[in-house]
Amino acid sequence: MSAVLRRVRAASLLATVLAAAACSTGPMTPTAPTAPGTGPRPYVPSPGPAAPLPPPSDALSPAVLPGWNDEDHLAAFHAYLDGCGAARDAVARAVCGRAKTMASTTTVTPSTARAFFEANFSAVPADTPDGRPGLLTAYFAPEYPARRVPDAEFAAPVLPKPADPRGAGDRAMVESNARPDQALAWMRAEDLFFLQIQGSGYLTFEDGSRARAAYAADNGRPFVGIARPMARQGLLPENGTSGDAIRAWLADHRGYEAQTVMALNPRYIFFRLDPDDDGHPAGAAGVPLTERRAVAVDPSQWRYGELVWLDADGGNLRGATASYRGLAMALDTGSAIRGPVRADLYMGRGDAAGAEAGTVRHPLRMWRLTPKG
C-alpha cells in the first residue's frame, strides 16, 4: 500500500506480527491446496550506494534452485517486468531493460522466460547468522465495510493525520482524545485494528461507494503484537493465534475487553482516503504489488527491485498450506520484517487473501538472484 500497504499486509505475519498489501501475472502456486499481519510500510529508501554488487563467490545457476523445474517461469517473468523498474544499480537496470525489450519484440513463452532468468541471473544464498532457517509470513490488502456516520456497531473512527502525530500519545490516548467531527469514516473496532496492522486497505460504504484508506502517519510508538499475550492469558490456544482467530475474539468481545487487548499495541496509524483504484497497493518501493509475487524485506539487507527465490515449508498454524516456493520481487518493507532471511509475501486483496495470509508462518530459505552484467 503505498506507503504502503503498507502497505496493507496481515498475514501469518499477522500471526507473528500480532505475535511480537488485478495483476497481469499468475500466482506463486502453493504446493498443496489452501484452506478456504506487519506494520505500516512507509517509504524506506534502500540503503547503500547504487553501484552494482560484486559477483559473489558462491553464486549458482538458478537451474539448481529447489523446485526450479516446477516454477511458472512465465508468470514470474511478468512479475519481474512489473517490479524491476524499482532497481537502482546500473546492471540491474540493464537486465530489466533487456526483459522489457524482449517482452515488446517477441512472444515470451514459459521456456524463453526460463532461459532469460538462467542467462541473466546468478543465485546467491542468503544466510542467517546462526545458519538456521528464517521466516516467511504474509500480508494482504484488506477490504472492510465502513459507514459515513457512526452507529453502535461502526463506532471506531478512521482518523486523519494530526498536526503532530508523534505527540499524539499511545493508542489509548489517541482513542480517548479522538474528535468525532474529524473522522474520515467509521469502522468496526476490530476491523480498524487490523487495517492499522496492514497499513492501508479498502473501504466499502453502505451506498456501495468505495475508497482506499492509505497510510498517512503513525504516532511513533513501537508495534507490539497481541497474539502471544492473548495465548499467555488463555484467550486463544498457542497454535490458534491466526489473524482470523484474533479477529473473531475481538469481535465477540467488542467493547472494554477488546479495547484492553488492542491497547497492548501502542502503535496507532492515521489515514487519508483516496479513490479506489481497483488494483493493488504500491509497496515501499513505489511500485504496485503483484499478488503472490511481491515480498516485503528488510531494506538494510535487500534492495528494492531485487529478484528473490523463496523456499518455505513446514508451517505450523492451523489451516496452513504445506509450502510456498518460487520467484518474487522485493518491493516492500515493514516494521516486523528484519534480517537477511525474512520475507512477508503479499497475497492480494480481500477476504480470501487475508484468510490464507493469516496462516503463513513458515521456515524460510532465500536466494538473491544477482543480475549479470
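Here, the structure is the one placed above.
For every chain, the first residue of the written sequence is number 1, and numbering continues from 1 onward in sequence order. Side-chain atom pairs in this predicted model are given and counted only at pLDDT of 80 or more, local residue features only at pLDDT of at least 70, and totals for whole chains, interfaces and linings cover all residues. Excluding hydrogens and water, the side-chain figures rest on all heavy atoms present in the structure.

(A) Fine view of the pairing of strand S2 (residues 134–141). In terms of burial, S2 is a largely internal element, seven of the eight residues being buried. Strand pairing is assigned whenever DSSP detects at least two bridges linking the two strands. To qualify as a helix, a DSSP run of H or I must reach at least 4 residues; to qualify as a strand, a run of E must reach at least 2; elements of each kind are numbered from the N terminus. As paired elements, S2 and strand S13 (residues 362–371) share three bridges and run antiparallel to each other. Across the sheet, leucine 135 pairs through a bridge with proline 363, a residue of S13. Both S2 and strand S12 (residues 342–349) contribute to a ladder of six bridges, which runs parallel. Following the sheet pairing, alanine 141 is matched in S12 by arginine 349. Accessible area is worked out with a 1.4 Å probe on protein chains only. A residue is then buried under 20% of its type maximum, exposed over 50%, and partly exposed in between.

(B) Quick peek at the pattern of salt bridges. Whenever a carboxyl oxygen of Asp or Glu lies within 4 Å of a side-chain nitrogen of Lys or Arg, that contact is scored as a salt bridge. If you walk through the whole model with that rule in mind, you get 21 salt bridges. Note that arginine 325 and aspartate 311 form a salt bridge whose closest N and O atoms lie 2.9 Å from each other. Here the residue arginine 325 occupies a position in strand S11 (residues 323–332), and aspartate 311 occupies one in strand S10 (residues 307–313), the gap between them amounting to 14 residues. Exposure remark for aspartate 311: the relative accessible area of 5% places this residue in the buried category.

(C) Structural view of the packing of helix H3 (residues 90–105) against helix H4 (residues 110–120). Axis lines are fitted to C-alpha atoms, over the contacting stretch for helices. Their N-to-C directions set the angle, which ranges from 0 to 180 degrees. Closest axis-to-axis distance for the H3/H4 pair is 12 Å, and the angle between their directions is 160°. The orientation of H3 with respect to H4, classified from their angle, is roughly antiparallel. Crossing geometry of H3 relative to H4 is assigned as right-handed. Between H3, through Val95, Arg98, Ala99 and Met102, and H4, the contact on the second element is made entirely by Thr112, Ala113, Phe116 and Asn120. Gly counts as polar in this scheme, as do all residues outside two lists: the nonpolar Ala, Val, Leu, Ile, Met, Phe, Trp, Tyr, Cys and Pro, and the charged Asp, Glu, Lys and Arg. When its residues are assigned to classes, the contact of H3 with H4 shows five nonpolar, two polar and one charged. Angle categories: roughly parallel below 35 degrees, roughly antiparallel above 145, roughly perpendicular from 65 to 115, and oblique for all the rest. Crossing handedness follows the turn of the near helix against the far one: under a right angle anticlockwise gives a left-handed crossing, and clockwise gives a right-handed one. Pairs of residues are marked as contacts when any of their non-hydrogen atoms sit within 4.5 Å.

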